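Residue-level structural notes
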Amino acid sequence: MAEKGETRGLLFGLIPGLKSLAERGSAGWMIIIGTLIVFTILLITALGPFISPHDPTIPNVNPPPNPSPPSANFPLGTNLLGQDMLSRILCGGSIMIQVAFLSVVFCFLIGVPIGLLSSYVGGSLDKTFTLVMDSFYAFPGLVLAIAIAAMMGRGVINLALSIGVVYVPSYYRIVRSQVLTIKELPYTEAARASGARGRTILLRYILPNVVPSIVVVATVNFADAILTAAGLTFIGLGVGIDVPDWGWDLSKGRELLPSGAWWVITFPGIMIVLLALGFTLIGEGLSELLNPRLER
């Protein structure tokens with residue numbers, strides 16, 4: 001019992017703010033667990049090229065027949081091409097993480113400025129942007145992403161842009177609703193009455209109060225982007241076979257599942273679910289901590 005307490009004390013000492021998060025109840029623990037999951041997967045992905053036992057792109061590292069089940073030489077088995085699944089798991093998260101990160105950056109750079117400007121200015125500008133953003137909701141998100149990705153072709157940048165376009169309206173809506181409330185508050189009215197310019201009011205008085213909501217949306221958006229990227233790769237709109245990718249292994253594993261090769265689809269599927277779960281836990285925890293009504 002004493003050793004357990006010492007371990008927890010050491011852990012709290014090594015990670016600043018961990019103890020205070022743990023004291024915030026379930027929301028704090030969701031952030032802690034989600035962060036640990038995401039950090040672990042990011043670390044595995046970063047070290048993957050250096051610790052993987054085989055080159056994940058080289059076929060027939062295991063003699064035919066393939067796919068072969070997990071064994072001492074290949075702990076996670078091999079796929080139909082004879083590629084080592086452990087090596088592909090260690091290296092395959094890079095593409096998905098890049099796509100998710102770039103799509104979130106794209107959403108932030110487009111959705112946040114448009115939401116700030118249109119809601120603060122109001123009038124016809126706000127009506128125009130709101131109409132354009134709302135029109136995106138006429139299409140199911142995945143269908144729209146598929147259409148854009150099919151037109152733009154394969155590649156990390158194209159995948160990120162196709163996903164980003166789908167989620168820009170979410171950022172716009174959140175920012176717009178926040179700004180419409182904040183710009184009518186007394187301190188904003190006082191700044192306006194004292195002669196502060198619109199840009200100053202937006203950057204100094206409104207944006208800092210919108211940032212917490214943006215952080216929550218961005219964190220949850222990471223999880224959505226990961227699942228969407230996996231879906232696009234699953235239907236053949238992702239990267240090519242020469243690049244290790246969990247989504248590609250998931251797609252090919254589905255074809256092999258009837259033959260009993262369960263390991264080809266199981267392990268990449270677990271990694272995708274864990275990564276999405278980690279970001280979801282962080283987002284939900286932040287949402288509760290930053291929203292007093294939810295925390296109560």
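Figured I'd write up the structure that's included with this text. (Residues numbered from 1 in each chain as written. Predicted model: local features only at pLDDT ≥ 70, side-chain atom pairs only at ≥ 80, totals over all residues. Heavy atoms only, no water.)

Assigned secondary structure in the protein chain consists of 13 helices and zero strands. For the protein chain, the α and β elements follow one another from N to C terminus as α-α-α-α-α-α-α-α-α-α-α-α-α. Within the span of the protein chain, comprising 296 residues, buried residues form 44% of the whole. In the protein chain, the share of contacts with a sequence separation of at least 24, taken over all contacts with a separation of at least 6, comes to 70%. (Helix = DSSP H or I, 4+ residues; strand = E, 2+ residues; numbered from the N terminus. Buried < 20%, exposed > 50% of the residue type's maximum accessible area, 1.4 Å probe, protein only. Contact = heavy atoms within 4.5 Å.)

Attention shifts here to unusual backbone geometry. Look at the link from Pro64 to Pro65: it is a cis peptide, with omega at 10 degrees. Here Pro65 is to be found in the loop between α3 (26-51) and α4 (85-91). A cis amide bond, omega 0 degrees, links Asn66 with the succeeding residue Pro67. Here Pro67 lies in the loop between α3 and α4. If you check the backbone angles, Asn60 has positive phi at about 55 degrees while not being a glycine. Mapped onto the secondary structure, Asn60 falls in the loop between α3 and α4. Judged by relative accessible area, Asn60 falls into the partly exposed class, the value being 49%.

Position of Ser213 among the secondary structure elements: in helix α10 (residues 198-234). At 3.5 Å, the side chain of Ser213 forms a polar contact with the side chain of Gln178. In this structure Ser213 touches Ile174 and Gln178, once residues within four positions along its chain are discounted. (Polar contact = N/O pair within 3.5 Å; in protein donor to acceptor, adjacent residues only side chain to side chain.)

This paragraph deals with helix α8 (residues 156-182). Here α8 contains 27 residues, and its C-alpha end-to-end distance of 37 Å stays within 8% of the 39 Å for a straight helix at 1.5 Å per residue. Taken as a whole, α8 carries its principal kink of about 40 degrees at Val166; the proline Pro169 stands between one and four residues after it. (Expected span 1.5 Å × (residues − 1). Bend = angle between axes of the 7 residues up to and from the residue.)

Next up on the list: the packing of aromatic side chains. The final tally for this structure, using the stated rule, is three aromatic pairs. Ring geometry for Trp262 versus Trp263: centroids 5.8 Å apart, planes at 85 degrees, classification edge-to-face. Its relative accessible area of 43% is what places Trp262 among the partly exposed residues. For the pair Trp262 and Phe267, a centre-to-centre distance of 5.9 Å together with 55 degrees between the ring planes defines the contact as tilted. Members of the aromatic cluster, each reached through a chain of ring pairs, are Trp262, Trp263 and Phe267. (Phe/Tyr/Trp six-rings, centres within 6.5 Å; stacked < 30°, edge-to-face > 60°.)

Attention now goes to the packing of helix α5 (residues 93-121) against helix α6 (residues 123-136). Where α5 meets α6, the axes come as close as 7 Å, and the angle between the chain directions of the two elements is 135 degrees. The pairing of α5 with α6 is recorded here as oblique in orientation. By crossing handedness, the relation of α5 to α6 is classed as left-handed. Residue-level inspection shows Ile114, Leu117, Ser118, Ser119 and Val121 of α5 in contact with α6, the latter providing Gly123, Leu125, Asp126, Phe129 and Met133. Residues that form the contact of α5 with α6 fall into these classes: six nonpolar, three polar and one charged. (Axes fitted to C-alpha atoms, helices over the stretch in contact; angles between N-to-C directions. Parallel < 35°, antiparallel > 145°, perpendicular 65-115°, else oblique. Left-handed = near helix turned anticlockwise from the far one by under 90°. Nonpolar A, V, L, I, M, F, W, Y, C, P; charged D, E, K, R; others polar.)

Applying the stated rule across the entire model yields four salt bridges. Ionic pairing is found between Asp249 and Arg88, a salt bridge with its closest N-O pair at 2.8 Å. You can see Asp249 sitting in helix α11 (residues 246-256) and its partner Arg88 sitting in helix α4, a full 161 residues away along the chain. Just as Asp249 is buried, Arg88 falls in that class too. A salt bridge links Lys252 to Glu255; its shortest N-O distance comes to 3.8 Å. (Salt bridge = Lys/Arg side-chain N within 4 Å of Asp/Glu carboxyl O.)

In this section: the side chain of Thr188. Tracing the backbone shows Thr188 in helix α9 (residues 186-193). Take Thr188: its relative accessible area is 0%, and that puts it in the buried class. Polar side-chain contacts of Thr188 include one of 2.9 Å to the backbone oxygen of Ile182.

To continue, consider the packing of α10 against α11. One way to put it is that α10 packs onto α11 with a least axis distance of 8 Å and a crossing angle of 50 degrees. When the axis of α10 is compared with that of α11, the two are oblique. Considering how the two elements wind past one another, α10 and α11 form a crossing that is right-handed. Judged by residue contacts, Ala230, Thr233 and Phe234 of α10 engage Gly247, Trp248, Leu250, Ser251 and Arg254 from α11. Of the residues in the contact of α10 with α11, the class split is four nonpolar, three polar and one charged.

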